Every structure is written in structure tokens, then in C-alpha cells.
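Reading the structure
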Number of protein chains: 4
Amino acid sequence: MSKISYISDLSSWESEFYFFIPVKVRFSETDMYGHLNNTVPFTYFEEARIEFLKELGLMQKWTEENHDGMVVVADLQCDFLRQVFFDEKLKVFVKAESVGNSSVDLHYMAKNEKEEICFVGRGTVVQFSKKFGKAIPWSESFRKVIQENFKVTI
Amino acid sequence: MSKISYISDLSSWESEFYFFIPVKVRFSETDMYGHLNNTVPFTYFEEARIEFLKELGLMQKWTEENHDGMVVVADLQCDFLRQVFFDEKLKVFVKAESVGNSSVDLHYMAKNEKEEICFVGRGTVVQFSKKFGKAIPWSESFRKVIQENFKVTI
Amino acid sequence: MSKISYISDLSSWESEFYFFIPVKVRFSETDMYGHLNNTVPFTYFEEARIEFLKELGLMQKWTEENHDGMVVVADLQCDFLRQVFFDEKLKVFVKAESVGNSSVDLHYMAKNEKEEICFVGRGTVVQFSKKFGKAIPWSESFRKVIQENFKVTI
Amino acid sequence: MSKISYISDLSSWESEFYFFIPVKVRFSETDMYGHLNNTVPFTYFEEARIEFLKELGLMQKWTEENHDGMVVVADLQCDFLRQVFFDEKLKVFVKAESVGNSSVDLHYMAKNEKEEICFVGRGTVVQFSKKFGKAIPWSESFRKVIQENFKVTI
């Protein structure tokens, strides 16, 4: 796994995850090659991300109808390390790797029941104002939550 | 095909379709059984339905941000007659079978390149007001369009 | 709900479900109308169906690589009774309504956390031989399982 | 766009694309934020990739039932530059950026009808043997095709 640009040291990177969601691979998520289609991990990442942001007390606001701020995904990537099959039970982990003025870089890791890493990923999300069409800096309370939970550079 | 409750005479039913959209089966739409996953035809039906309603001059309004009326799907069904595989080119046909006060019963038929029927279906859509939370009767102009294009009972 | 052809008496129909899977609506399963896209319940039905067939001791065989028999979906339908939104927790119930020589008619019902029925459905699955390209009659043991668990007409 | 690690000079990078597939955004591909869900571009990339490999004379073999080699996706990434909405017509471009012993690095770019870049991406695919469970070097004929079509380093 030396080729993955966003992981400098795998074991320390891996040890920083504590939040995960359980996912079971659906039949409709497989493809004719017999394994999980490679577009599906991004769906898992989205679900994990939202649960993670909820845990940090953020997501509720963003899905309220009249709330102006929303979380926009700036980029996403995934490295596929091991085939995943129908009915496998995965843990999809997510952590905040670093925080910018109005963005967070989230990292992802999925493990199967044997605790093997199946795929990893990352992506930046940005807090965005629909009304003003631009990024909104994080509130102090959000920064606090992030800092208390992660040793991230702010 | 005698078991399909919404088709009384197949050849006359089949002959009433004229509108279709072309669809090519995506790799991500197959499953580990090697064929088109059975949840996907409903996606094709949706695409065909929207294009059909556009053709009748309806859909534009419904997707405008401040327009109150929207098309709500009341029910959907599909009968799978023939396996469909990756990369097959289908024609997904749609027609209006009958029109109610604020609803239309749409029928669907998908054919492969050999002109074989692969799956058929139907479903009722209802014109619905978000503001009032109830069905809205069709306008006279819509009824006219439908009547001119289909020999439907109104 | 008098219009739903496959439900003669709702309260007795409803009372016959005991098996369900929990499902939480994903963000990617919503559409721009703000609710669960109408193609997604069929994915939930599939997941519920497979877990149900597993519970009856059937599915394992069907997904083994060299097993000849597979479960083919002959038809599917869904009636949408109530809007479903992002993050709602549903119970997706499934039961065997009647059993044929090589087919089962499965019925579905999804309830939200208020125990309101959101959508219902049904569909026939057929045991099918890949090698012979035709339906295979149920084994005696399968019939026994079905009869013990359901008061179905065989 | 200076942040995108795999694009050193945008205008020269952009000018090297010639192959594309047309895609129209489906209703079911939008989400409750009103735009294309961020998991969907990977589906478009897959479709573009397969058509591209077909164009190079490769894909046919890989989907034949008894063919041992298959194309495995090693990683995928996408940068979202502009919101995409229901019914937009996109051109999804793909090109080979560099070729390894048994892998190709493919790059992607999607443009809307105004010729604006909406999202870009990349990902490595590897030719893989199911039987031997390992990567298979490209044939000479494949290398020739790639070299004739792209100024890639081999």
C-alpha cells in the first residue's frame, strides 16, 4: 500500500479511526464480475460521512429545509485493496484528517469480518451557502468539537 | 404472457406504443447473476416517463423550482419476460393507457435489438400539489394533448 | 387502500407478516423531490427477500458458485402510500402468500417508526435451472418449511 | 483548479481528450440537495471506460464468459468543480494518461452543454487473471494500440 498518497504510515493512520457504520453488501450492489461494483463504496462513504457529521452535531442543521448551509463534496477517492462480495458485513470507518477554514478532509477505511482492509479513501467536504453561493467558515463550536475529537491541524 | 393482468390482448397492446427512449445497459446495472438487476427497469421506466411527459409538454413545469405541482408515482409494476445482459441496447416504450381526473395510467414495454419484448410494466402517476398536499385535476390543455395522442377514456 | 388488487383485507393481510429487515434511507437514495426515489423500494424488497429465503434455509445454495438453481424474479410491484424521507428507519416485512410448483408469491410491507405503512408490494420468484433453462419444482423439504411457517395453499 | 494533483497544466491536459460518451442525468441520479449525487460520476466513468476500452479493441474479450482476464479497478477519484442538475447533457471524456506493465492510468473529464468542465477524475485499471489471481502484462498488440493513440510513456 505504499502507493496511496494520502497514507504516510498505514498502522498509525489505521489506529486513528474509531467511528464506523456497519454495512452489509446488497445483491443489487454486485455486478456481473461477481463482486461489489466499484461505484458503491462511494455510497458507503456518503452514509458513513453523514453519520459521522451527525455524531459531531452537524448534519441535523444541514438537512433542515430552510437552513442555508449545506455540505458540499469537493472531491472523493477510493483505493480498492481487496475484492468484496455479496452479503459481506463491512465496517466503514471515517475520521477527520485535517480541518481548513471552511472544509474538512475526511478519510475512510472499510474492513471485512476478518478485520482485513478492503478499501480506503478520502475526500474534502466544504460548508457552503446556497444563498451566497460560496464557502462559509466553520463556527467556533464546530472547531472545538473537531479539535476535541481529533488531533487535527486547524 | 396470459398471466399479465394489465394486458388483455398483447398484439393490440403492443401496437399502441410509438414513443420510446433508447437505453444501453450499464455494467453497474448488472448483478452477480450476470444479468440486468431487476430493480433497474424501474429506473428506465422513470426516464422514459419523464421524456414522455416532456414530449406532451408537461415535465418542464414540474421541475421548475417554484412550481407547486409535481408528478407523484402512485404505483409501479414490472413483468420480466426475458433476461437482459450488459451492453444490450433497449428501446423503452411508454404510452398513456387511461386518464383519470388527476392521474394517468402509463404502460411500459422494453424491446431488445431483436425486437423481442424483455420486460413490460405499468404504473399510475398523479398530479400533486405540494402546498395543499393533495391531487390536482388535469388542466383542459393537458386533457386535450392526451386525447389527441391517445384513444384513452377520460 | 381498496384499490390494491393483491390485498383483500388489509388488517388480516398486515397481521400475517412476522419477518422483517431494518433499513435506513440513504442520502443517495433520495431524489430532487426531497424524498425516497420510487425505484429504491425494489432494492429494499430484494434485500428483504434474500434474508427471508436465507431464514427459510434456501438462499445459501443459490449463491454457491456451482449450484445450478437460482431464484429468478418473474414480476414485481409496489404501491406507494406515504412519502419516505432521508434517514427514516423502516421495517421492510416479507411473507410467502402462496406457493406454486416451482414459484412463490412474496408480499412486502414497509413501515416507518410511527408504525405507518409507507409502501407495500408483491412479486413472484421462480426456482430456475441455469443448465436446463427452465423452472425446477420445489423440493419436499422446501415445501415443508413453507407450510410450517405459512398457511399457504400449495 | 491548481489543487488537483493529477493535472499539471489544465489546458494541455484538456486538449488531449478526444473520446467521449454522451450521458443525460437521470432523475433517479439526483438527490435531495437538488443536484447530481456525488456517487454517480463514478458510474459515468465506468461506462466511459468500458466504451473506451472497446474502442481500443479490448473489452469484448473481458466480458466473454470463459475469458480469464478481466479489468480490475485499482483506484478511482473525482474532483467536483461545478454542480450538475437533472436532465443536463454531459460529455464524459476519457483518455489513457500512462501505461504500466499490466495497468493503465485513465483520466476523465465531464463537460456540460456550455462546454464548462463539471467534474474531472482519474483511476488505474489493471488486467487481472481470475485463474491465477494476479496481474497479467499487456499484450504487444494492446501496447501498440495505446502507443498509436496516445503519447503515453510505456
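Scroll up to find the structure this text is about.
Everything numeric here is computed off the predicted structure, so don't read it as measured data. (Residues numbered from 1 in each chain as written. Chains lettered and ligands numbered in written order. Predicted model: local features only at pLDDT ≥ 70, side-chain atom pairs only at ≥ 80, totals over all residues.)

Focus: the relation of the copies chain C and chain B
When chain C is brought onto chain B, the operation consists of a screw motion whose angular component is 180° and whose axial shift is 0.0 Å, with 0.0 Å RMSD remaining. Expressed as an axis order, the relation between the two copies is that of a two-fold axis. Measuring from the rotation axis to each C-alpha of chain C, the shortest distance belongs to Gln77 of chain C, at 2.0 Å. A share of 100% of the interface residues of chain C reappears at the interface of chain B, consistent with the copies meeting face to face through the same patch. (Least-squares fit on C-alpha atoms with pLDDT ≥ 70 in both. Contact = placed C-beta atoms within 7 Å.)

Concerning the pairing of strand β6 (residues 117–129) of chain B
Residue and element names in this part refer to chain B. Bridging between strand β2 (residues 69–73) and β6 involves five bridges; their strand directions are antiparallel. From the neighbouring strand, Val73 faces β6, where its bridge partner is Val125. Sheet topology places strand β3 (residues 75–80) next to β6; four bridges connect them, and they run antiparallel. Across the sheet, Cys78 pairs through a bridge with Gly121, a residue of β6. In sequence, strand β5 (residues 103–111) turns back onto β6 through a hairpin of five residues, with Glu115 there showing a positive phi of about 65°. Bridge analysis of β6 against strand β7 (residues 134–135) gives two bridges, and the strand direction is antiparallel. Residue pairing for β7: Phe128 is matched across the bridge by Ala135. Taking the residues that link successive antiparallel strands as the turn, the β6-β7 hairpin has four residues, and the phi of Gly133 there is positive, at about 65°. (Pairing = 2+ DSSP bridges. Helix = DSSP H or I, 4+ residues; strand = E, 2+ residues; numbered from the N terminus.)

Concerning the relation of the copies chain A and chain D
Between the two copies, chain A and chain D, the superposition gives an RMSD of 0.0 Å; the rotation angle is 180° and the shift along the axis is 0.0 Å. A high fraction, 100%, of the interface residues of chain A reappear at the interface in chain D, so the copies pair face to face through one surface.

Section: the interface of chain C and chain B
Between chain C and chain B, the residue contacts involve 15 residues of the former and 15 residues of the latter. Considering each element in turn, the side of chain C that touches chain B owes the most residues, six residues, to strand β3 (residues 75–80) of chain C. Sheet topology note: the β3 of chain B/β3 of chain C ladder contains five bridges and is antiparallel. Counted as the bridge partner of Leu76 of chain B is Cys78 of chain C from β3 of chain C.

Overview of the interface of chain A and chain D
Counting from both sides, the interface comprises 15 residues of chain A and, opposite them, 15 residues of chain D. Mapped by element, the contributors of at least two residues to the side of chain A that touches chain D are α2 (41–55), β2 (69–73) and β3 (75–80) of chain A. Among the residues forming the side of chain A that touches chain D, the class breakdown is eight nonpolar, four polar and three charged. (Nonpolar A, V, L, I, M, F, W, Y, C, P; charged D, E, K, R; others polar.)

Some points on α2 of chain A
Residues and elements named next belong to chain A. If you check α2, its first and last C-alpha atoms are 21 Å apart, about what 15 residues at 1.5 Å a residue would give, namely 21 Å. With 12 of its 15 residues buried, α2 lies for the most part within the structure. All of the buried residues along α2 are Pro41, Phe42, Thr43, Tyr44, Phe45, Glu46, Glu47, Ala48, Arg49, Ile50, Phe52 and Leu53. Following α2 by one or two positions, Gly57 adopts a phi angle in the positive range, close to 80°. (Expected span 1.5 Å × (residues − 1). Buried ≥ 20, exposed ≤ 12 C-beta atoms within 10 Å, placed from the backbone.)

Regarding the environment of Ala48 of chain B
All names here are of chain B. With respect to the secondary-structure elements, Ala48 resides in helix α2 (residues 41–55). Counting along the chain gives 35 residues from Ala48 to Trp13, while the straight-line C-alpha distance between them is 18 Å. Among residues more than four places away in sequence, those in contact with Ala48 are Ile21, Val92, Val94 and Tyr108.

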